[in-house]
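Here is what each chain is made of, one letter per residue.
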Amino acid sequence: MKLLLTSGGVTNDSIRAALTDVLGKDIEESDALFIPTAQWGQPACSPQSVWRSTTGRWPGLTDLGWKSVGVLELTALPSIPPERWVSWVRAADALLVDGGEAIFLAHWMRESGLAEFLPDLTDTVWVGVSAGSMVMTPRIGAEVVDWEPGGTDEALGVVDFSIFPHLDYPGWETNTLERARQWARSIPGPAYAIDEQTAIAVVDGAVTVVSEGHWEALNP
């Protein structure tokens, strides 16, 4: 699987170019599935925020001009035969994975069977936003676990680095670079702090930071 891990989606020309590059074709020629599941585990999200993300009212994922976009809700998958949803996933060029609560998302990726299926998706592009990016890392940091506070902060570990998203986000006093550096002290292994104008592409194990904004490598 190819990864494009972002904080706020495809927010500038550089990230869009990186997405086209990892897809290997134009976005307009590509089919996508949108996964909103992480929102249900985040207390700050709501049915209205899920609708806004799904319909592109919050830009950066579903509104990019895809050939087609469908919705894949992971909490529903255990109730339907795998032969139905596996074919949908195999047919998609990209999985667009929304933000919310990363540990909740990791739970449902395992429960649904999608996590086990990821190694088979060698040509599929995983486009993550916030928690949709963090879920692919080994650890997210105990202080950002909102679904079950005090529970595990272990995610899927598809990549070997962690992500501090929304760096210097306006009005978020907890998302400064100094706070990111404090967060990184509790994270074993490398990490990145990235803002809304930054993405991390991972293809065949090679990690590339794509940015028109602000980012910092932590725990080098």
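Cut-off values and rules
- Residues numbered from 1 in each chain as written.
- Predicted model: local features only at pLDDT ≥ 70, side-chain atom pairs only at ≥ 80, totals over all residues.
- Heavy atoms only, no water.
- Helix = DSSP H or I, 4+ residues; strand = E, 2+ residues; numbered from the N terminus.
- Rg over C-alpha atoms; globule rule 2.2 N^0.38 Å.
- Buried < 20%, exposed > 50% of the residue type's maximum accessible area, 1.4 Å probe, protein only.
- Contact = heavy atoms within 4.5 Å.
- Areas by Shrake-Rupley, 256 points an atom, 1.4 Å probe, with all protein chains shown as cover.
- Lys, Arg positive; Asp, Glu negative; His and termini not counted.
- Charge placed at Lys NZ, Arg CZ, Asp CG, Glu CD.
- Pairing = 2+ DSSP bridges.
- Axes fitted to C-alpha atoms, helices over the stretch in contact; angles between N-to-C directions.
- Salt bridge = Lys/Arg side-chain N within 4 Å of Asp/Glu carboxyl O.
- Polar contact = N/O pair within 3.5 Å; in protein donor to acceptor, adjacent residues only side chain to side chain.

Q: What is the right way to look at the overall build of the protein in this model?
A: Along the protein, the regular secondary structure elements total seven helices and 10 strands. The C-alpha radius of gyration of the protein comes to 16 Å, within 12% of the 17 Å expected for a compact globule of 220 residues. Reported as C-alpha extents along the three principal axes, the dimensions of the protein are approximately 45 × 35 × 35 Å. Taken over 220 residues, the protein has a buried fraction of 50%. Long-range contacts, defined as pairs at least 24 residues apart, comprise 71% of the intrachain contacts of the protein with a sequence gap of at least 6. As displayed, the protein offers around 9,900 Å² of accessible surface, 50% of which is attributable to carbon and sulfur atoms. Charge-centre separation for the protein: the mean point of 13 positive side chains lies 2 Å from the mean point of 30 negative side chains.

Q: Looking at this model, I keep getting lost on the pairing of strand β4 (residues 94-97). Mind explaining?
A: On a regular strand, one side chain projects to one face of the sheet and the next to the other, so that they alternate. Residues Ala94 and Leu96 of β4 are buried on one face, and the alternating residues Leu95 and Val97, pointing to the opposite face, are buried as well. The pairing of strand β2 (residues 31-35) with β4 spans four bridges and is classified as parallel. Across the sheet, the residue bridging to phenylalanine 34 is leucine 96, located in β4. In the sheet, β4 pairs with strand β5 (residues 125-129) via four bridges, with the strands oriented parallel. Looking at the pairing, leucine 96 lines up with valine 127 of β5.

Q: Hey, could you run me through the sheet that holds β2 in this one?
A: Hydrogen bonds between backbone atoms are what pair the strands of a sheet, whose relative direction is either parallel or antiparallel. Read across the sheet, seven strands follow the order β3-β2-β4-β5-β1-β8-β9 without closing on themselves; strand pairing throughout is mixed. In this open sheet, the two edge strands, each paired with only one partner strand, are β3 (68-71) and β9 (206-211). In this sheet, adjacent strand axes meet at a mean angle of 20 degrees when their direction is disregarded.

Q: How should the side chain of glutamate 101 be read in this particular structure?
A: Assignment of secondary structure puts glutamate 101 in the loop between β4 and α4 (102-112). The buried charged residue glutamate 101 lacks any salt bridge, with arginine 110 as its nearest oppositely charged partner at 9.9 Å. Only 2.9 Å separates the side chain of glutamate 101 from the backbone nitrogen of tryptophan 147, close enough to count as a polar contact. Setting aside residues no more than four positions away along its own chain, glutamate 101 makes contact with Ala38, Gly41, Gln42, Ala131, Val144, Val145, Asp146 and Trp147.

Q: What's the story with α4 in this structure? I'm lost.
A: Working note: α-helix, 3.6 residues per turn, so residues spaced by three or four point in the same direction. Counting buried residues along α4, eight of its 11 residues qualify, which places the element largely inside the surrounding structure. Buried residues of α4: Ala102, Ile103, Phe104, Leu105, Ala106, Trp108, Met109 and Ser112, and no others. On the buried face of α4, the contacting elements are α3 (82-91), β4, α5 (114-117), β5 and α6 (131-134). With a side-chain oxygen lying 2.7 Å from the backbone nitrogen of isoleucine 103, the N-terminal cap of α4 falls on glutamate 101. Where α4 terminates, the next one or two residues include glycine 113, which has phi positive at roughly 95 degrees.

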